[in-house]
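Coordinates in review
The residues making up each chain are set out below.
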2 protein chains.
Amino acid sequence: MNKKIFNKRKSIEQVEESNELAPKFDKNGLIPVVTTDFQTGGILMHGYMNEEALKKTIETKEAHYWSRSRKKIWHKGQVSGFVQKIKEIRIDDDQDSIWLSVDIGNGASCHVGYRSCFYRSIPLGKIKDEKNLEIKYEDKEKIFDPKKIYKDEPNPTEL
Amino acid sequence: MNKKIFNKRKSIEQVEESNELAPKFDKNGLIPVVTTDFQTGGILMHGYMNEEALKKTIETKEAHYWSRSRKKIWHKGQVSGFVQKIKEIRIDDDQDSIWLSVDIGNGASCHVGYRSCFYRSIPLGKIKDEKNLEIKYEDKEKIFDPKKIYKDEPNPTEL
């Protein structure tokens, strides 16, 4: 996993203020990735890539992630059909996170069935009891029924 | 750091399909956070929170993060003046990442001086040489001069 496909990180100037791609992968070989919907601008999901997933995403123009629960490269949409077509890839100042802007048509990105994984909001203001803080559904409509799409696939959520 | 302020994670159903806030903090006590600009919808930055930073963000309606380089709670904008006023906080399906939508007025969120940390894009298509892949500036205009704002503060970027 640590083949070091991409450029070596040499200096702060190289990383922040040059045209050299030198992404930072953590000690597990992963970089966090945020994926937004190019139609709505909203965030669809937050995931991770290893070097190989980043390379595949750049070359195939379809989002590939590293699945931490399944411990393998994950071509998003392989099971559900909801492939993410890449519109743009950006990298941040210190090159330790990636932003994908993607086209999912009328599809969904969330394994629970919603278009976005971020379907609930946290209320703002003074907290009376942290253990009983109620989150609110902002998106109530599922795009698909996970039981029909994923059948016997194990749920990737870890407690 | 592991006081466990928030609710315990009990089941996949509780985490994915209920109104209970039960965020997952990793073994370092952190949860990843993506911050978007409520005016443009674009991503400003990717950071981390511990339990206390999340609580402070909810209660003060200003973004607080955990600074991994400085190893302390980081009230964004304390030095630069570019405070992030919270418009909305969302949490994802498995409650292991946070989305902040914030108002930064005409300010900036990137310590290099740009409005967004994601000022460079990665070109798509077949890669000839991964070590010489050129990233492209999408945002060329700095909002502020970091040397004037941060003076002798150490640069937070880690190689």
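Okay, so let's go over this structure.

Residue and element names in this part refer to chain B. Relative to the assigned elements, glutamine 39 resides in the loop between strand S1 (31-37) and strand S2 (43-49). The residues contacting glutamine 39, other than those within four sequence positions of it, are Asp103, Gly105 and Arg115. Reaching out from glutamine 39, the side chain makes a polar contact with the backbone oxygen of glycine 105 at a distance of 3.0 Å.

Applying the stated criterion to the full structure yields 18 salt bridges over all chains. One salt bridge in this structure joins A:Arg68 and B:Asp96, with 3.2 Å as the shortest N-O distance. One end of the pair, A:Arg68, is in the loop between strand S3 (64-67) and strand S4 (72-75); the other, B:Asp96, is in the loop between strand S5 (85-91) and strand S6 (98-103), on a second chain. A:Arg68 sits in the partly exposed class, given a relative accessible area of 40%. Across the salt bridge formed by B:Lys55 and A:Glu130, the nearest N and O atoms sit 2.7 Å from each other. On the criterion of chain membership, the pair formed by B:Lys55 in helix H2 (residues 51-60) and A:Glu130 in the loop between strand S7 (120-121) and strand S8 (136-137) is interchain, its members lying in two chains.

You can overlay chain A on chain B at an RMSD of 0.0 Å; the transform is a turn of 180 degrees with a shift of 0.0 Å along its axis. Both copies of the chain, as the preceding transformation shows, are related through a two-fold rotation axis. Among all C-alpha atoms of chain A, that of A:Gly41 lies closest to the rotation axis, at 2.8 Å. Most of the interface of chain A is mirrored in chain B, where 100% of its interface residues are also at the interface.

Scanning the entire structure with this criterion turns up 14 aromatic pairs over all chains. A centroid spacing of 5.3 Å and a plane angle of 45 degrees characterise the contact between B:Tyr65 and B:Trp74, whose relative ring orientation is tilted. The class for B:Trp74 is partly exposed, based on a relative accessible area of 24%. By the ring-pair criterion, three or more aromatic residues cluster together here, those being A:Phe82, A:Phe144 and A:Tyr150. Looking at A:Arg70, its charged tip hangs above the ring of A:Trp74, at a distance of 5.2 Å from the centre. Sitting above the plane of the A:Phe38 ring, A:Lys87 keeps its charged end 4.5 Å from the centroid.

The strand order across the open sheet built from six strands is S8(A)-S7(A)-S5(B)-S6(B)-S1(B)-S2(B), with neighbouring strands paired in mixed fashion. Strands at the two margins of the open sheet, each flanked by one partner only, are S8 of chain A together with S2 of chain B. Across two bridges, the pairing between S7(A) and S5(B) is antiparallel. Among the inter-strand pairings, A:Ser121 is bridged to a residue of S5(B), identified as B:Arg90.

Conventions and cut-offs
- Residues numbered from 1 in each chain as written.
- Chains lettered and ligands numbered in written order.
- Predicted model: local features only at pLDDT ≥ 70, side-chain atom pairs only at ≥ 80, totals over all residues.
- Heavy atoms only, no water.
- Helix = DSSP H or I, 4+ residues; strand = E, 2+ residues; numbered from the N terminus.
- Contact = heavy atoms within 4.5 Å.
- Polar contact = N/O pair within 3.5 Å; in protein donor to acceptor, adjacent residues only side chain to side chain.
- Salt bridge = Lys/Arg side-chain N within 4 Å of Asp/Glu carboxyl O.
- Buried < 20%, exposed > 50% of the residue type's maximum accessible area, 1.4 Å probe, protein only.
- Least-squares fit on C-alpha atoms with pLDDT ≥ 70 in both.
- Phe/Tyr/Trp six-rings, centres within 6.5 Å; stacked < 30°, edge-to-face > 60°.
- Lys NZ or Arg CZ within 6 Å of the ring centre and 35° of its normal.
- Pairing = 2+ DSSP bridges.

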